[in-house]
Amino acid sequence: MKSSLNLVFNTIKSVNVSVNQGFGFDVSLDVKREDLIHSIVSGNKYRKLKYNVLFAMEEGYDTLLTFGGAFSNHIAAVAAVGNAYGLKTIGIIRGQELVDKVDENPTLSQAKEKGMAFKFISRSDYRCKTDLSFLKALKTEFGEFYRIPEGGTNNLAVKGCEEILTEEDKEFDYVCAPVGTGGTLSGLINSSKPNQKILGFSALKGSFLNEDISKFAKQENWKLINDYHFGGYAKINEELVTFVNTFNAVNEIPLDPIYTGKMLFGIMDMIKQGYFPKHSKILAIHTGGLQGIEGMNKILKQKRIPLIQYS
Ligand SMILES: *Cc1c(COP(=O)(O)O)cnc(C)c1O
């Protein structure tokens, strides 16, 4: 199998960010800018798709099919990668009501522009998306396709995420990443040194993630932090938006409010609470996701919450 997709424009380096804020905490924090890989196939979505797309092409598939919600970074990434490699893409989208809202939804309208075809299904049908009968019906409707699961996590995705950490990251004591399905964290765990601690910041409520990660993780040096999901997946409040905007103003690093914003809020809070021993070197993985901000800002505007700055 080939070992790369020609999408990466940047060398991914870590940058040191300010943690002092006048308090003099004796730890360092670096952010690994995986978000700079590509504007849409960004961060962990590039890592997770890489070996899947290479495999699909090698096996002669001409169509990728996957699943996601209205703001899904994964849907956006699959549409863009398919477009770049001449593969047809089909998105099975959660929520029938979205069928006539594509044009007002930045994620879906961009995916459509990249040639993705959609099938909108109800939330109850969406729950059955891995049932054999449902997949059979999709084959009848669309013909042969390479199926990528919701969120993109499978063995090949974890393999791609094992490439996030490089030799120069061995110096860090802690490696932090946001967690949706846990595929990214699993890859980080597998390629970490046993003496490094891998902390996953859950972006959603629920302890089921521990099991999901255990399926893929080959080491025990990890922990899930469940205190910073802000009420659940994609739940946002003004405190979080203010944090994301301040962090960007101080460090010139834009964060998304669903994953990386919550993670960095958590890391900063844990630093203040003295969670990390003195002189700890902390690395936070910026997993991307900035494409979702435009859509999120539309919701914030309706709720009269300040908007997220991301340029
Ligand atoms: C999808 C996504 C995640 C979650 O990754 P998992 O591998 O599903 O845990 C984290 N951060 C961003 C920005 C994402 O888009």
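Just so we're clear, the structure is a prediction, and the values are computed from it rather than from any experiment.

## Observations concerning the site of the ligand
- Lining the immediate surroundings of the ligand are 15 residues, of which Lys45, Lys48, Thr181, Thr184 and Thr287 lie closest.
- At a separation of 2.6 Å, an oxygen atom of the ligand approaches a polar side-chain atom of Lys48.
- The separation between an oxygen atom of the ligand and a polar main-chain atom of Gly183 is 3.3 Å.
- When isolated, the ligand has an accessible area of 390 Å², and the protein chains bury 97% of it.
- When contributions to the shell around the ligand are tallied by element, the ones reaching two or more residues are helix H1 (44–58), strand S7 (174–179) and helix H7 (183–191).
- The element that contributes the greatest number of residues to the shell around the ligand is H1, accounting for 3 residues.
- In terms of residue class, the shell around the ligand is made up of 3 nonpolar, 10 polar and 2 charged.
- The residues that make up the shell around the ligand include at least three from each of domain 1 (3–41 + 160–302) and domain 2 (43–152).

## Details of the environment of His279
- With respect to the helices, strands and loops of the structure, His279 is situated in the loop between helix H10 (260–272) and strand S10 (281–285).
- Taking relative accessible area as the criterion, His279 reaches 58% and is therefore assigned exposed.
- Taking C-alpha positions, His279 is 4.7 Å from Val27, a pair spaced 252 residues apart along the chain.
- With residues near it in sequence (within four places) discarded, His279 still touches Asp26, Val27 and Asp173.

## Remarks on the domain arrangement of the protein
- When its domains are assigned, the protein resolves into domain 1 (3–41 + 160–302) and domain 2 (43–152).
- Counting residues at the interface gives 29 residues for domain 1 and 28 residues for domain 2.
- Summed over both partners, the interface of domain 1 with domain 2 comes to about 2,500 Å²; 60% of that surface belongs to carbon and sulfur atoms.
- The interface formed by domain 1 and domain 2 includes 2 salt bridges.
- Between Glu34 and Arg47 there is a salt bridge whose closest N-O contact spans 2.8 Å.
- Applying the counting criterion to the domain 1 and domain 2 interface returns 10 residue pairs in polar contact (both at pLDDT 80 or more).
- Elements with a minimum of two residues in the side of domain 1 that touches domain 2: helix H6 (155–161) and helix H11 (293–302).
- Ranked by residue count, the leading element in the side of domain 1 that touches domain 2 is H11, at 5 residues.
- When its residues are assigned to classes, the side of domain 1 that touches domain 2 shows 11 nonpolar, 13 polar and 5 charged.

Cut-offs used in this document
Residues numbered from 1 in each chain as written. Predicted model: local features only at pLDDT ≥ 70, side-chain atom pairs only at ≥ 80, totals over all residues. Heavy atoms only, no water. Near = heavy atom within 4 Å. Polar contact = N/O pair within 3.5 Å; in protein donor to acceptor, adjacent residues only side chain to side chain. Areas by Shrake-Rupley, 256 points an atom, 1.4 Å probe, with all protein chains shown as cover. Helix = DSSP H or I, 4+ residues; strand = E, 2+ residues; numbered from the N terminus. Nonpolar A, V, L, I, M, F, W, Y, C, P; charged D, E, K, R; others polar. Domains from an automatic or database assignment. Buried < 20%, exposed > 50% of the residue type's maximum accessible area, 1.4 Å probe, protein only. Contact = heavy atoms within 4.5 Å. Buried area = accessible area lost by both parts, 1.4 Å probe. Salt bridge = Lys/Arg side-chain N within 4 Å of Asp/Glu carboxyl O.

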